[in-house]
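# Reading the structure
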Amino acid sequence: MEQVLKHVAQTVEKQLDSELERLDTLDSNDLEAIRQQRIAEMKKRAQQKQEWIANGHGEYTEIDGEKEFFVVCNKSDNVVCHFYRADTPRCRIVDMHLKTLAKKHVETRFVKLDVERAPFLTSRLKIRVIPTIGLVKQNKTKDFIVGFTDLGNCDDFSTEILEWRIARADVIEYSGDLLVPPAEARKQRALTVHSKKTIRGPQDSDSDLDLSD
């Protein structure tokens, strides 16, 4: 295991060295081209963000019924819709988390819909458990989060586990590991760091202490 981790570390170092060498060979014209490209990308992203906000993104809102649901899905490429019922306490738990995620993921529209107002839609989507979160991409239903089974099967699940679960349907931008839940990913990273320290040996112990502080 130590040999494998050592090999991985050496491979990453070689890749970094190669990238640094490539950057060193760039002339001023290359750097200016990269800078201009980056500026253009930032401007495009800023414009897109303004369009999203104007379209209701950035907030967790309630929609009136089935007709508005289809309007929302036609206007936004990525939609997270919480199908809820007012008399279901667990729906309020979902509300709390989605309100936070709506502000974080402006690229996606977050809405809620009372199933009592959408009998045709809930029947068509075969929604039988409340709460259910529908994940829609480019006007097509990608996935459903039914109840809390995928969230640890408990009421006190974290916002990050719901974020991770939503990300698995590719309806939000996510930089983490989609194959491993966040808590498990942190454990793996901690184990990897510990293993690397062990591989380095005692001569690196002072540096390791500084990093941990």
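Residues numbered from 1 in each chain as written. Predicted model: local features only at pLDDT ≥ 70, side-chain atom pairs only at ≥ 80, totals over all residues. Heavy atoms only, no water.

Per an unreviewed UniProt entry, the recorded name for the protein is Thioredoxin domain-containing protein 9, and the organism is Parnassius mnemosyne.

One open sheet accounts for five strands, arranged E1-E3-E2-E4-E5; its pairing is mixed. Unpaired on one side and paired on the other, strand E1 (60–62) and strand E5 (140–146) mark the two borders of the sheet. Here the strands of the sheet are splayed against their neighbours by 25° on average, with no regard to which way each runs. Inspection of the sheet shows E1 paired to strand E3 (residues 109–114) by three bridges, in the parallel sense. Residue pairing across strands places Tyr60 opposite Phe110, the latter belonging to E3. The strands touched by helix H3 (residues 66–75) are strand E2 (78–84), E3 and strand E4 (132–137); relative to E2, the strand with the most contacts, the crossing angle is about 160°. Here helix H6 (residues 159–167) sits on the sheet and contacts E2, E3, E4 and E5; the angle it forms with E5, its principal contact strand, is near 150°. (Pairing = 2+ DSSP bridges. Helix = DSSP H or I, 4+ residues; strand = E, 2+ residues; numbered from the N terminus. Axes fitted to C-alpha atoms, helices over the stretch in contact; angles between N-to-C directions. Contact = heavy atoms within 4.5 Å.)

One finds Val80, Leu98, Phe110, Leu135, Leu162 and Ile166 to be the most contacted residues of the largest nonpolar core, which totals 22 residues. Those elements that provide at least two residues to this core are helix H4 (89–104), E4 and H6. For Leu135, the contacting residues outside a window of four places in its chain are Val79, Val80, Lys140, Thr141, Lys142, Asp143, Ile145, Arg165, Ile166, Ala169 and Val171. Counting 18 residues, the second-largest nonpolar core is a separate cluster that includes Ile63, Phe83, Cys91 and Val136. (Core = buried A, V, L, I, M, F, W, Y, C linked by side-chain atoms within 4.5 Å. Buried < 20%, exposed > 50% of the residue type's maximum accessible area, 1.4 Å probe, protein only.)

All right, on to the pattern of salt bridges then. Under the criterion given, the structure shown has eight salt bridges. Between Arg90 and Asp155 there is a salt bridge, with its nearest N and O atoms 2.8 Å apart. With a gap of 65 residues between them, Arg90 in helix H4 and Asp155 in the loop between E5 and H6 connect regions that are remote in the sequence. Overall, Arg90 belongs to the partly exposed group, its relative accessible area being 36%. Taking the relative accessible area as the measure of exposure, Asp155 reaches 37% and is therefore partly exposed. Across the pair Asp150 and Arg165 runs a salt bridge, and its minimum N-O distance is 3.0 Å. With Asp150 in the loop between E5 and H6 and Arg165 in helix H6, the pair connects residues that are 15 residues apart, well separated along the chain. Judged by its relative accessible area of 36%, Asp150 is partly exposed. (Salt bridge = Lys/Arg side-chain N within 4 Å of Asp/Glu carboxyl O.)

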